[in-house]
Amino acid sequence: MSPRPRRGVLSPLESPKISDMDTVSKETRSWVMSRVKSKGSQVELIVIRALKRSSRTRFLTHSRNLPGCPDIAFPKLNLAIFVNGCFWHWHGCARCRMPASNRIYWQAKIARNAKRDKQTARKLNAQGWHYVNIWECDVVRGIARALLKLEALKQNERRR
Ligand SMILES: [Zn+2]
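To start, this report covers the structure provided alongside it.

Parameters at a glance
Residues numbered from 1 in each chain as written. Predicted model: local features only at pLDDT ≥ 70, side-chain atom pairs only at ≥ 80, totals over all residues. Core = buried A, V, L, I, M, F, W, Y, C linked by C-beta atoms within 7 Å. Buried ≥ 20, exposed ≤ 12 C-beta atoms within 10 Å, placed from the backbone. Helix = DSSP H or I, 4+ residues; strand = E, 2+ residues; numbered from the N terminus. Expected span 1.5 Å × (residues − 1).

Moving on to the nonpolar core. Judged by nonpolar contacts, the single largest core of 22 residues is most densely connected at Val47, Ala80, Ile81, Val83 and Ile134. Elements represented by at least two residues in this core include exactly helix H2 (42-54), strand E2 (72-74), strand E3 (79-84), strand E4 (130-135), helix H4 (136-140) and helix H5 (143-159). Ranked by the residues each element gives to this core, the list is headed by E3, at five residues.

Now the structure itself:
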């Protein structure tokens, strides 16, 4: 990938692989990573792979039987985990910078995502499930940290 992309040119369908980005600057990489879609993204796969190695609680991935097709679901705990891209689901962290161009497009898209997330949470709650997010920035700061957060969420469910 050549130098820093112009803001707003990356189509939401493009989902760069981390290996493609080893040669680009840190700045460009974080710009691109902030726009990687959450479904099937590298970030989500990092979490699933780490869980496969470490989880002692059985979990499902992309269970179509549940509202919103959660990335990870712990049936025993009725806990549905969504590994969400900070930009796409507007976490409000440093990764959420609105591109200078196509603002209306991005804003509408993010608003649709937010609305869908709310509906998903409501549907899951109605079926006795709990909706929680693991944010992309949690994972980027370190998978160990993200897994600790997940463990804390699971403990919470057990206490309920
Ligand atoms: Zn974030």
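So, next bit.
To continue, consider helix H3 (residues 103-126). The end-to-end C-alpha distance of H3, which contains 24 residues, comes to 35 Å, matching closely the 34 Å that a straight helix rising 1.5 Å per residue would cover. Among the 24 residues in H3, one count as buried, and that is only a small part of the element. Positive backbone phi, at 85°, marks Gly128, one or two positions downstream of H3.

Unusually for a residue other than glycine, His62 sits at a positive phi of about 50°. In the Ramachandran plot, Trp90 falls in the positive-phi region, its phi being about 45° despite a non-glycine side chain. Mapped onto the elements, Trp90 comes out in the loop between E3 and H3. For Trp90, a count of 19 C-beta atoms within 10 Å gives the class partly exposed.

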